[in-house]
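# Results of the structural survey
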Amino acid sequence: MPARGVRRGVDSGAARARSVSPETVVRAILIGGALAFVLFALPVLLSTYWIKVLTAVAIFAVVALGLNVLFGRAGLVSLGQIALLAVGGWIAARFLFLTSLPFPVVLLLAGLLTAAVGTLLGLPALRLSGLHLALITLMFAGVVAIVVPTTNFPNGGSGVLGHTESSLGSLAIRRPSIAHSDEAYFRYTVIVAALMFLLALAHVSAKAGRAWSAIRHSEPAALAAGVNITLYKLYAFTLASFMTGVAGGLYAGNVGKLYSYQFSGARTIDSVSLMAVVLMGGIFSLWGAVVAAVLQQLLPALLNDWFAFFRENPDFLFVIFGVGLLQVLVTAPEGLVTQFPRDMRNLGRLIIKPFRRRSGAAKGPP
Amino acid sequence: MFPTDFELYKPFFVTGLALGGVYALSGVGIVVLYRATGVLNLAFGAIGAMGALISWTLINHTSFPDWASYLACIVFGGLVTFAYGVIFGPPLADRDPLVKAAGTLGLTLILLGLMSYLWPPFGRTMLLPTSNYSYHVGFAGVDVTQTQIIGLAFGVLVTFLVGAFLRFTKLGTAMRALADDREITSTLGVPVRRVEAAAWLGSGLIAGAAGLLLSDLVGLDAVNLTFLVISSLAAALIARLRSLVATMVAGLAVGLCTALLTPILFWPNASFPVAKYQYASPFVIAIVALLFLARRRVVTVARTEG
Amino acid sequence: MGFRKVAVALALLGALLATAAIATGASGDSTAAPVGSGKQTKTNSVCGLGTGKKATGAVIKLGAIATKQPGTDFTDIPNMAKAYFDCVNNNGGIFGRRIQYFIETEQTDPGQIAALGKKLAESTKVVGMVGNTSIIECAINHKYWEAKGFYVIASGIAPECYGKTTNYSSVNMGPRYSSDGAVQYVIRKGVNKIVFDQSNVPGTGYIKAGPIAIAKAAKVPIVTFEDTVPIQDANSVALKLVQAAGKNGGVVLNFTPDQALLILQAAQKQGIADDVKAWGCSTPCNSDFVAAALGTVWDGKFGVNAELSLPSKPAPDSKLYRQVAAKAKLAFGLGSFSQMGFVEARVAVAALLNMKPPYTAKRVNQAFVGVTNFHTDILCNPWYFGKIAYHIPNNVDLTVTPNKGKMVIAEKCFKISAADPDIAKVRVIEKANPQLTKGKAYPLQG
């Protein structure tokens, strides 16, 4: 019987066979505690501005999670995640205007339909090498960047596209009925993000995770072991697209307005910088997605607050991300999530070393 | 109504070839480096853009002679690419081509950030002296500048000269071997570092020259020049990143196709005519071509850890 | 080992940065005598009270939100406003109090813009918003500002900055009405067909409605296009426009200056620039660097709708503007952006000098909305806010044309045509509220 502390952890066949280790229980309790702190303490402690910034962090954590799972587990790179975010946002906005379905249902719909798009995009995954696949997703992003400025986003208008030019006729995309205020929407977003992480964890701990691991290490060996490579590679795309679609829905509800500026050709750099932060955050652990979102959304806000230089030159952040990406690729492929604790441990050892030597000398020769 | 009057399309054959020349030039530059080092240099556009901006500053804000400023662009392209290749080439050399390309995306981020910081966005134009001379194309009723012809010719020149260099010279063959399999090539006694350095330097000079030409042909805009690379990548992908000649032809074809869609302004309907999506053609063509070329199922056997 | 490489890479990067910085040449601030001091008269404009004495009292916090991302940079407007506020602080301030100005930059991310609005109002606790210049800020934040009772003195772009919302008043006209002015110029040139081209960004329907209405009223057929920016194939675009306009037609562009330049130069390079009767452009083209980049070939051939007077105008406000601009941190130097920032700041200061403490958000914004009949030689007509439904105070403009590398006046101040229904509405409002543009001028010093 799984302990209470791991009720959020998902059981797989293997986990049922083993008993749950105390480490997992402790970790789950800590994560639960942190989550509770974020949900209940932060909205009280922080101003509305920082809550809104953290809402954006939560939304992008889901997007980064998709890429994290795709690259970290299945070894596939997609440069079209921001384009899928646009697709998810569009679908969610359209349903929110067209129907009076509850918000969670719309999120699910957006996720599923975006997953369908992503699966179609992933079909070439079966036949192309990593580089060619990444480039095809880049081509897809290019198409979306051209189409979106023409179709625009739904804003309460009629017709298939649901977009009206008249500013008098444009409406805001509605938020969930239980989460109207910024603080409430923040909690809502964090909970949905946590659910997405659980979804990812469920896959990683289960058969899918093992299959992906096998594919990543050696495709011929995985094939020989009877793993359906086609299916699992495609499924990675489906999962990542589903998450990005849900994130798109959250993004639409965040401000209630979506514009094509975010997704036009001039902002292609965002897809590149997303890839950079996901890699910097670390792809060997799901937490890397949280670090990635912090880098992409929280760091700019902090730097903006602390340094006039960044307020005046916000684009300089790209330089930092570029350097960070190169650093990660060359020296620390595991990313910050694994690298940082390792660095801290090394630092700790460095600090303790002189004390150890001294106490060793005081003890005298053995 | 789908316009079938040939007169409407005539002038766009010329602008299409001009655009195609732009795509071909970029595409060939990228494939050249890929053939010589196995790295898909996605920073190709950004390098050229920064070089062009430096040239612009030297021309408009200093008393440097113009020819020296143009040379500065080409030299800058060579230096930056060379520096990147020498520093980040070897550590990433054993990695998946995707990782190597990702590294160049890091360089793109750095350069784009620097360009935004150093050159605030307002209208800058680079007018090369060759743009003052043009030839009238009677068939189309428009003029073609000398720069456009040079751009096209440069693309053709690079294609054939570099293609011949790679195939027939010792250094070129060494580069191709290196791109194919670095480990085995090094055991054959080829001076790996030096050959690689030469490849990076050469392609960097091409990037610089292309950047200078493109800044006149397309406009001196950092973001536009940087991401032009994606459209020209389409041409490179159609050629499967292998053949320089195919890249060039594909670039021209894609450019022609894009421009020829311009007159289709009311079909299938007035709000969403084909013309509005004309700039998606490179991407659509590339996707279709890639899917068609990848018909046969392949199990990828990666030699190295990604 | 890897670490050393990164260090080398960073060192190289530093060297690159240094050389590029040298190449671009950083400009140093000039330490000159107190600017803007003296007596405010009909022939001499000063900063605020003009006392020449530094203000040391309590702060009055003002804020601004401006777009800054690769390819778009509006920060010159608030930066110039800041320079004016600094000048005012050096000249006695607001009866001894200092203005503290907080500029937030955004990258057209709706979530970010909404958050920044809240930050300024609730965390930084500004009492007024002056100098907002953003592609979408009006659309995103107007309800919030309304709820807070804020009346924003802005430079508008989105339609919400002009109508539907009652709490924004802009010193500029925005793309639609400026395009109207360009269309009027082209019609006066005697064209028999108009082609209107703009960038394909949200709001194209709203923008083209103006030119369409004006062309219809003048009984000139009009065709409209939208083009994706950044433009990759300017040749095809220019060709398409010239083909559609025909020999006696006119082409009107509504783009950012760099994109408009691409189209114009493509037309020139292809030898088709003279194949139409007239070329027009909305206000973004109004700057000397456009004139210089185009070269003398275009002198007199191309009319730009100017929302503000020439920066070189020999008039008191313009002179003060030039003096203050010399001390400001501007990316684009003298031009319409900094002019707008100057006017917005000057209006805000006049409003503050015309009210009594306490300087709470409610009272400051009531002062802002109370500004009427504000005279400045930088604008053709007096500027106003007022509690009215439509705010397009800048609806009388000029046309400028390039001449030997600079912009010169081609047509003096003329009214934007009331064939545009929005302008018609505004004219009705102005007629019904004569205090907006007539009568006693708004006092500049309280």
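The sections below set out a description of the structure shown in this document. No experiment lies behind these values; they were computed from the predicted model shown. Residue numbering note: each chain is counted from 1, following its sequence as written. Whichever chain is written first is A, and whichever ligand is written first is 1; the rest continue in order. For a predicted model such as this one, the threshold for reporting local features is a pLDDT of at least 70, and the threshold for listing and counting side-chain atom pairs is 80 or more; totals across whole chains, interfaces and linings nevertheless cover every residue. Side-chain numbers here rest on the full set of heavy atoms in the structure, without hydrogens or water.

## What to know about the packing of aromatic side chains
The rule is short: rings of Phe, Tyr and Trp, with Trp giving its six-membered ring, pair when the centres are within 6.5 Å, and they are stacked under 30 degrees, edge-to-face over 60, tilted in between. In the structure shown here, the tally under the stated rule is 33 aromatic pairs over all chains. An angle of 80° between the planes, with centres 6.3 Å apart, marks the rings of Tyr251(A) and Phe263(A) as edge-to-face. A residue pair is termed long-range when its members are at least 10 positions apart, and Tyr251(A) in helix H10 (residues 229-255) and Phe263(A) in the loop between H10 and helix H11 (269-281) qualify at 12 residues. Here's how the labels work: a residue is buried when its accessible area is under 20% of the maximum for its type, exposed when over 50%, partly exposed in between, all with a 1.4 Å probe on protein chains only. For Phe263(A), a relative accessible area of 7% gives the class buried. Note on Tyr321(C) and Phe342(C): the rings are 5.8 Å apart at their centroids and 70° apart in plane angle, and the pair reads as edge-to-face. Residue Tyr321(C) is located in helix H10 (residues 316-326), and its partner Phe342(C) is located in helix H11 (residues 336-353); the two are separated by 21 residues in the primary sequence. By the burial criterion, Tyr321(C) is buried, and Phe342(C) matches it. Ring-over charges, as used throughout, are those where CZ of Arg or NZ of Lys falls within 6 Å of the ring centre and within 35 degrees of the ring normal. We note Arg124(B) situated over the ring of Trp56(B); from NZ or CZ to the ring centre the distance is 5.1 Å. Only DSSP runs of H or I covering at least 4 residues are called helices, and only runs of E covering at least 2 are called strands; the numbering of each starts at the N terminus.

## Here we look at the interface of chain C and chain B
Two residues qualify as a contact provided that any one of their heavy atoms is within 4.5 Å of a heavy atom in the partner residue. Between chain C and chain B, the contact holds 40 residues from the first and 46 residues from the second. A quick way to say it: buried area is the sum, across both parts, of accessible area lost when two parts are put together, with a 1.4 Å probe. Carbon and sulfur atoms make up 68% of the surface buried where chain C meets chain B, a total of about 3,900 Å² over both sides. Salt bridge, as used here: a side-chain nitrogen of Lys or Arg that lies within 4 Å of a carboxyl oxygen of Asp or Glu. For the pair chain C and chain B, the number of links is 2 salt bridges. Across the pair Lys269(C) and Asp216(B) runs a salt bridge, and its minimum N-O distance is 3.0 Å. Polar contact criterion, stated in full: a pair of N or O atoms within 3.5 Å, where within protein one must be able to donate a hydrogen and the other to accept it, and residues adjacent in sequence count only if both atoms are side-chain atoms. At the surface where chain C touches chain B, the tally comes to 7 residue pairs in polar contact (both at pLDDT 80 or more). Of all the elements in the fold, those that place two or more residues in the side of chain C that touches chain B are helix H1 (2-24), strand S2 (72-73), strand S8 (222-227), helix H7 (234-245), helix H8 (257-269) and helix H9 (288-294) of chain C. Counting residues per element, the side of chain C that touches chain B draws most heavily on H1(C), which supplies 11 residues. Under this grouping Gly is polar, as are all residues other than the nonpolar Ala, Val, Leu, Ile, Met, Phe, Trp, Tyr, Cys and Pro and the charged Asp, Glu, Lys and Arg. Split into classes, the residues belonging to the side of chain C that touches chain B amount to 22 nonpolar, 11 polar and 7 charged.

## Notes on the state of the cysteines
Residue and element names in this part refer to chain C. Criterion for a disulfide: a pair of cysteine sulfur atoms within 2.5 Å. Scanning all chains against the criterion turns up 4 disulfides over all chains. The disulfide that involves Cys 47 links it to Cys 87, with 2.0 Å between the sulfurs. Here the S-S torsion is close to 90°, and the disulfide linking Cys 47 with Cys 87 is therefore right-handed. Of this pair, Cys 47 sits in the loop between H1 and strand S1 (59-69) while Cys 87 is found in helix H2 (residues 76-89), placing the two residues 40 residues apart along the sequence. Taken individually, Cys 47 and Cys 87 each receive the classification buried, so the pair is uniform in this respect. Through a disulfide, Cys 138 is tied to Cys 161; the S-S separation comes to 2.1 Å. Linking Cys 138 and Cys 161, the disulfide has an S-S dihedral of approximately 110° and is accordingly described as right-handed. Of this pair, Cys 138 sits in helix H4 (residues 137-148) while Cys 161 sits in the loop between strand S5 (152-154) and strand S6 (168-170), placing them 23 residues apart in sequence.

## Section: H4(C)
For a helix, the expected span equals 1.5 Å multiplied by the residue count minus one. Compared with the 16 Å implied by 1.5 Å per residue over 12 residues, the 16 Å span of H4(C) between its first and last C-alpha is a close match. Residues of H4(C) that are buried include every one of Glu137(C), Cys138(C), Ala139(C), Ile140(C), Asn141(C), His142(C), Tyr144(C) and Trp145(C), and no others. Packing partners of the buried residues in H4(C) comprise H10 of chain A together with S1, helix H3 (110-123), strand S4 (128-132), S5 and S6 of chain C. Looking one or two places after H4(C), you find Gly149(C), whose phi comes out positive at around 75°.

## Quick look at the environment of Ile150(B)
Residue and element names in this part refer to chain B. In this fold, Ile 150 is placed in helix H5 (residues 146-168). Judged by its relative accessible area of 33%, Ile 150 falls in the partly exposed class. Remark: the alpha-carbon pair of Ile 150 and Gly 21, spanning 129 residues in sequence, is separated by 9.4 Å. Setting aside residues no more than four positions away along its own chain, Ile 150 makes contact with Thr 130 and Leu 213.

## A word on the nonpolar core
Definition of nonpolar core: a set of buried residues of the types Ala, Val, Leu, Ile, Met, Phe, Trp, Tyr and Cys, connected through side-chain atoms within 4.5 Å. Ranked by internal contacts, the top residues of the largest apolar core, which has 304 residues, are Leu40(B), Met115(B) and Trp279(C). Looking at this core, the element that brings in the most residues is helix H3 (residues 48-73) of chain A, giving 18 residues. Those residues in contact with Leu40(B), other than ones at most four positions away along the chain, are Leu131(A), Leu135(A), Ile30(B), Tyr34(B), Ala101(B), Thr104(B), Leu233(B) and Leu241(B). Judged by nonpolar contacts, the second largest core, of 54 residues, contains Val127(C), Tyr151(C), Ala328(C) and Tyr442(C).

## Points about the packing of helix H1 (residues 6-37) of chain B against helix H6 (residues 170-180) of chain B
Residue and element names in this part refer to chain B. Two numbers describe how H1 lies on H6: the axes approach to 5 Å, and their chain directions differ by 80°. Judged by the inter-axis angle, H1 sits roughly perpendicular to H6. The residues of H6 that touch H1, namely those facing Tyr 34, Arg 35, Ala 36 and Thr 37, are Met 175, Arg 176 and Ala 179. Class assignment for the residues of the contact of H1 with H6 results in 4 nonpolar, 1 polar and 2 charged. In this analysis, axes come from line fits to C-alpha atoms, helices being fitted only over the stretch in contact, and the angle between any two N-to-C directions falls in the range 0 to 180 degrees. With respect to orientation, any angle under 35 degrees is reported as roughly parallel, any angle over 145 as roughly antiparallel, any angle of 65 to 115 as roughly perpendicular, and every other angle as oblique.

## Describing unusual backbone geometry
Cis geometry is found at the peptide bond from Val229(C) to Pro230(C), where omega equals 0°. The topology assignment puts Pro230(C) in the loop between S8 and H7. Omega for the bond connecting Pro357(C) with Pro358(C) falls within 30 degrees of zero, at 5°, which places this linkage in the cis form. Structurally, Pro358(C) is set in the loop between H11 and helix H12 (361-369). Even without a glycine there, the phi angle at Asn152(A) is positive, about 60°.

## Here's the deal with the sheet that holds strand S9 (residues 249-254) of chain C
All names here are of chain C. Spatially, 7 strands are ordered S8-S7-S9-S10-S11-S12-S13 in an open sheet, and the strand pairing comes out mixed. The open sheet has two edge strands, S8 and strand S13 (406-415), and neither has a second partner. Here the strands of the sheet are splayed against their neighbours by 25° on average, with no regard to which way each runs. Pairing between two strands is assigned when DSSP locates at least 2 bridges connecting them. Across 6 bridges, strand S7 (residues 193-199) lies against S8 in parallel orientation. Residue pairing for S8: Ser 199 is matched across the bridge by Asp 227. Of the strands in this sheet, S7, S9, strand S10 (278-281), strand S11 (302-306), strand S12 (396-403) and S13 touch helix H5 (residues 174-188), which is tilted by about 160° from S9.

## Regarding the pattern of salt bridges
Taken as a whole and judged by the stated rule, the model has 23 salt bridges over all chains. The salt bridge involving Arg188(C) is made with Glu411(C); its shortest N-O contact spans 2.9 Å. Taken together, the residues span a long stretch of sequence, with Arg188(C) in helix H5 and Glu411(C) in strand S13 at a distance of 223 residues. For Arg188(C), a relative accessible area of 44% translates into the label partly exposed. For Lys208(C), the salt bridge is made with Glu226(C), and the minimal N-O distance between the two is 3.1 Å. Linking Lys208(C) in helix H6 (residues 204-217) with Glu226(C) in strand S8, this pair joins segments that are 18 residues apart in sequence. A relative accessible area of 12% means that Glu226(C) is categorised as buried. Overlapping salt bridges bring together Lys52(A), Arg175(A), Asp182(A) and Lys118(C) as one network.

That is the geometry; function is a separate question.
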